[in-house]
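Analysis of the macromolecular model
Take a look at the letters that make up each chain.
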Amino acid sequence: MSRVVVQSYKPSNSAKALATYLGLKRLSTSASRFVGRPSDIIVNWGNVSRTHNSHYLNPLDAVSTAANKISTFAALSAASIPVPEVHHSSITLDPDTTYFARTNICGHSGDGIVVGLPSELPSARLYTKYINKKHEYRVIVVNSIAVDTKKKLRKRDFEGERSPYIWNVANGYVFARNDITFPSSLQPLAIDAINALGLSYGAVDIIENEYGNLFVLEINTAFGLCGHTISLVATAIQELINQMRQ
């Protein structure tokens, strides 16, 4: 019987919750003495560097692609997945158009993003054209199945200043799934995005503009797990493990 363990790229409450739900051991993120065997299965939570001679869910090269915004957009574009307009030099930017300058191409949740006209932006390796979004969604896909679909809504008791550009918890937004009508093409797009990167699972962040067009912003392979999402994701990953053991 193959051993199954969880390996995360850093200490993670979500990886801990997943391992606890599945009854699996977690590998130490610093000084693990685990020696993988080819028959072992490692549930990979965002790790790209600490490798073992084992079967990884998710594959290491796919996680590496997802962790880098430049390679993510390239892979998605190659698969005809809609993404924001991408630039790799400020020279090609329209001086009268708003862009996101990404100073950290491996960041997430708005980390390393500066918004403004080209004259207001720092030098960066990646710029994306601002899309006036009407809605933002997250679809968690496991084994080509959308297991959880949520929409970002304004948190009612938030007292801080909301950013019109970056919708995250720090800016007063929360995920919700109940009593919401989702676009019919949302889940298929998320599944296509995961498959385009060669991932087994991931959380796909998608925005919708005022015309109803959808665009993939990023794919997170070490996404947050809490509440009902834990059981939805863990159950789907257990099914994937069972299939690999057959």
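Residues numbered from 1 in each chain as written. Predicted model: local features only at pLDDT ≥ 70, side-chain atom pairs only at ≥ 80, totals over all residues. Heavy atoms only, no water.

Following the sequence through the fold, lysine 152 ends up in strand β10 (residues 145–154). On the accessibility criterion, lysine 152 (12% relative accessible area) is buried. At 2.4 Å, the side chain of lysine 152 forms a polar contact with the backbone oxygen of tryptophan 167. Contact partners of lysine 152, with chain neighbours within four places excluded, come to Glu136, Trp167, Asn168, Val174 and Phe175. (Helix = DSSP H or I, 4+ residues; strand = E, 2+ residues; numbered from the N terminus. Buried < 20%, exposed > 50% of the residue type's maximum accessible area, 1.4 Å probe, protein only. Polar contact = N/O pair within 3.5 Å; in protein donor to acceptor, adjacent residues only side chain to side chain. Contact = heavy atoms within 4.5 Å.)

Turning our attention to the sheet that holds strand β11 (residues 173–176). One open sheet accounts for five strands, arranged β11-β10-β9-β12-β13; its pairing is antiparallel. Since the sheet does not close on itself, it has two edges, and those belong to β11 and β13 (214–220), each with one partner. The average angle at which neighbouring strand axes cross in this sheet is 30°, direction not considered. Of the pairings in the sheet, the one linking strand β12 (residues 201–209) to β13 comprises six bridges and is antiparallel in character. Residue pairing across strands places isoleucine 206 opposite valine 216, the latter belonging to β13. (Pairing = 2+ DSSP bridges. Axes fitted to C-alpha atoms, helices over the stretch in contact; angles between N-to-C directions.)

Our focus in this paragraph is helix α2 (residues 60–67). For α2, the set of buried residues is Ala62, Val63 and Ala66. The buried side chains of α2 occupy one side of the element, clustering within an arc of 100° when seen end-on. On its buried face, α2 sits against β3 (41–45), α3 (69–78) and β13. (Arc of directions from axis to C-beta.)

In summary, the side chains of a regular strand alternate between the two faces of the sheet. By the criterion of burial, β12 is predominantly enclosed, with nine of the nine residues buried. Residues Tyr201, Ala203, Asp205, Ile207 and Asn209 point to one face of β12 and Gly202, Val204, Ile206 and Glu208 to the other, with burial holding for every one of them. By the bridge criterion, nine bridges tie strand β9 (residues 133–142) to β12 in an arrangement that is antiparallel. Bridge pairing in β12 places valine 142 opposite tyrosine 201. Connecting the antiparallel pair β12 and β13 is a turn made up of four residues, with glycine 212 showing a positive phi of about 85°.

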